[in-house]
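Per-entry structural report
Okay, here's what each chain looks like letter by letter:
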Amino acid sequence: MACNEAKPIEVRFAKGTTSSSYTGQIIGYQYYSYHFIANKGQKLKVKIDGGNVEAYLFHNKLKDSVYMGQYSPELDAKGNYTLPHSGEYELRVLQPRSQARLGKTPKYNLKISIH
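My aim in this report is to walk through the structure given alongside it, one point at a time. Sequence positions are assigned chain by chain, starting from 1 and proceeding in written order. Local features in a predicted model are, by the rule used here, given only for residues with pLDDT of at least 70; side-chain atom pairs are given and counted only at 80 or more, and totals for whole chains, interfaces and linings are based on all residues. As a rule here, side-chain values cover all heavy atoms of the structure and leave hydrogens and water aside.

**Observations regarding the overall build of the protein chain**
Counting secondary structure elements, the protein chain contains 1 helix and 10 strands. For the protein chain, the α and β elements follow one another from N to C terminus as β-β-β-β-β-β-β-β-β-α-β. For the protein chain, the C-alpha atoms occupy an extent of roughly 40 × 30 × 25 Å along the three principal directions. Relative to its full complement of 115 residues, the protein chain shows a buried share of 40%. Contacts are assigned to residue pairs that have any heavy atoms within 4.5 Å of one another. Restricting to contacts in the protein chain with at least 6 residues of sequence separation, those with at least 24 account for 78%. We get accessible surface area from the Shrake-Rupley algorithm with a probe of 1.4 Å; when it comes to residues, only the shown protein chains can shield them. With an accessible surface of roughly 7100 Å², the protein chain has 49% of that area assigned to carbon and sulfur atoms. Counted charges follow a simple rule, with Lys and Arg positive, Asp and Glu negative, and His plus the chain ends left uncounted. A charged residue contributes its charge at one atom only: NZ of Lys, CZ of Arg, CG of Asp or CD of Glu. The protein chain carries 16 positive and 9 negative side-chain charges, and their two centres are separated by 4 Å. By the criteria applied, helices consist of DSSP H or I runs no shorter than four residues and strands consist of E runs no shorter than two, each listed in order from the N terminus. Only protein chains enter the accessibility calculation, which uses a 1.4 Å probe; a residue whose area is less than 20% of its type maximum is buried, one above 50% is exposed, and one in between is partly exposed.

**Description of the pairing of strand β10 (residues 107-114)**
DSSP calls a pair of strands paired once it identifies at least 2 bridges connecting them. The pairing of strand β3 (residues 19-25) with β10 spans 7 bridges and is antiparallel. Counted as the bridge partner of S20 is I112 from β10. Pairing analysis gives 7 bridges linking strand β5 (residues 43-50) to β10, with the strands arranged antiparallel. The residue bridging G50 from the neighbouring strand is Y108, located in β10.

**So, the nonpolar core**
For this analysis, a nonpolar core means a set of buried residues of the types Ala, Val, Leu, Ile, Met, Phe, Trp, Tyr and Cys, connected via side-chain atoms within 4.5 Å. Ranked by internal contacts, the top residues of the largest apolar core, which has 26 residues, are Y34, F36, L44, L57, M68 and L91. At the level of secondary structure, the elements contributing two or more residues to this core comprise β4 (30-38), β5, β6 (54-58), β9 (87-94) and β10. Non-local contacts of Y34, meaning those with residues more than four positions away in its chain, are made with I9, V11, Y22, T23, Y89, E90, L91, V93, Y108, L110 and I112.

Distances and angles like these do not, on their own, reveal function.
Listed below in structure tokens is the structure:
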């Protein structure tokens, strides 16, 4: 089965802040797509609480997606990922296929920080 993108979400940071929080619920093979603009060298931190969900980062110049989970080898000791390019990024939040097959509908809380 193919993944289905829910309505894309433009990430916005309130004036004077470096993070933004969102909540969602994944149904089946659906994923949420969070879009933001960032500069090369900035640090991205993604924190997800709640159900069994995963986050992957995309950019048109990246060879492959970047897993943003706690044990990702791409993250530094503080859980940050140094952005290698300037421009628009997409962060997809989805559940593992094994969970989607079982009809799970996990809720999650997401915090995106860029500094």
